[in-house]
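Observations on the model geometry
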Amino acid sequence: MEFGKRFKNFRLSNNLTQTQVAKLIGIDQTNISSWENDKTRPEYENLIKLARIYDVTIDELLGVERLS
């Protein structure tokens, strides 16, 4: 799954709009749209904020699987 789809799925599963997430992070809604459409990637500070908002780890947010 692309990063953007993961970001969107976490947002939707938390019943949040792009505008609400943008306000929680302190950025413009267009940034959220760009991330979800795989046009740009969030900076690591914003990844941390997204993980906290969605109550997941950064690995979960990015879809990183653990090595055995």
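I will try to describe carefully the structure that is included in this document. Since we're looking at a predicted model, the values are computed, not measured.

Enumeration over the complete set of coordinates arrives at three salt bridges. Note that Asp38 is salt-bridged to Arg41, the shortest N-O span being 3.1 Å. You can call Asp38 partly exposed: its relative accessible area is 29%.

Turning next to the environment of Asp28. Considering the arrangement of structural elements, one finds Asp28 in the loop between α2 (18-25) and α3 (29-36). A relative accessible area of 46% means that Asp28 is categorised as partly exposed. For Asp28 and Arg11, which are 17 residues apart along the polypeptide, the C-alpha to C-alpha distance reads 16 Å. Here the side chain of Asp28 touches Thr30 through a polar contact of 2.6 Å, side chain to side chain.

Scoring rules and cut-offs
- Residues numbered from 1 in each chain as written.
- Predicted model: local features only at pLDDT ≥ 70, side-chain atom pairs only at ≥ 80, totals over all residues.
- Heavy atoms only, no water.
- Salt bridge = Lys/Arg side-chain N within 4 Å of Asp/Glu carboxyl O.
- Buried < 20%, exposed > 50% of the residue type's maximum accessible area, 1.4 Å probe, protein only.
- Helix = DSSP H or I, 4+ residues; strand = E, 2+ residues; numbered from the N terminus.
- Polar contact = N/O pair within 3.5 Å; in protein donor to acceptor, adjacent residues only side chain to side chain.

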